[in-house]
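A structural walkthrough
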Amino acid sequence: MRTRVIIAGLLILLGTSGLKAQFVVTDPVNLAQSIVNSANEIVQTSSTVSNVIKNFQEVKKVYQQGKEYYDKLKAVHDLV
């Protein structure tokens, strides 16, 4: 029984002898650049959203003008 424990201990010791610790390497410049890039992407996205909203308002205005025109045209046609 004692020899089995010793053999198991030796096998565990031999199996773990090649392991090496890995340390986390951080790059503060890369982290700062990532934050700047994220901020720039947020600004671009918000400007894109505001452009989409402006374009939608223009389309709505054109639609309202066309609807008003055709409603007037239909009213005139019903009179004739």
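Higher on the page you've got the structure.
Residues numbered from 1 in each chain as written. Predicted model: local features only at pLDDT ≥ 70, side-chain atom pairs only at ≥ 80, totals over all residues. Heavy atoms only, no water.

1. Remarks on the pattern of salt bridges
Taken as a whole and assessed by the stated rule, the structure comprises three salt bridges. One salt bridge in this structure joins K61 and E58, with 3.9 Å as the shortest N-O distance. Taken as a pair, K61 and E58 lie in helix α2 (residues 28-79) at a separation of three residues, close to a single helical turn. Salt-bridge contacts for E68 lead to K72; the nearest nitrogen and oxygen are separated by 3.4 Å. With E68 and K72 both in helix α2 and four residues apart, the pair spans about one turn of that helix. Residue E68 is classed as partly exposed on the basis of its relative accessible area of 45%. Residue K72 is classed as exposed on the basis of its relative accessible area of 53%. (Salt bridge = Lys/Arg side-chain N within 4 Å of Asp/Glu carboxyl O. Helix = DSSP H or I, 4+ residues; strand = E, 2+ residues; numbered from the N terminus. Buried < 20%, exposed > 50% of the residue type's maximum accessible area, 1.4 Å probe, protein only.)

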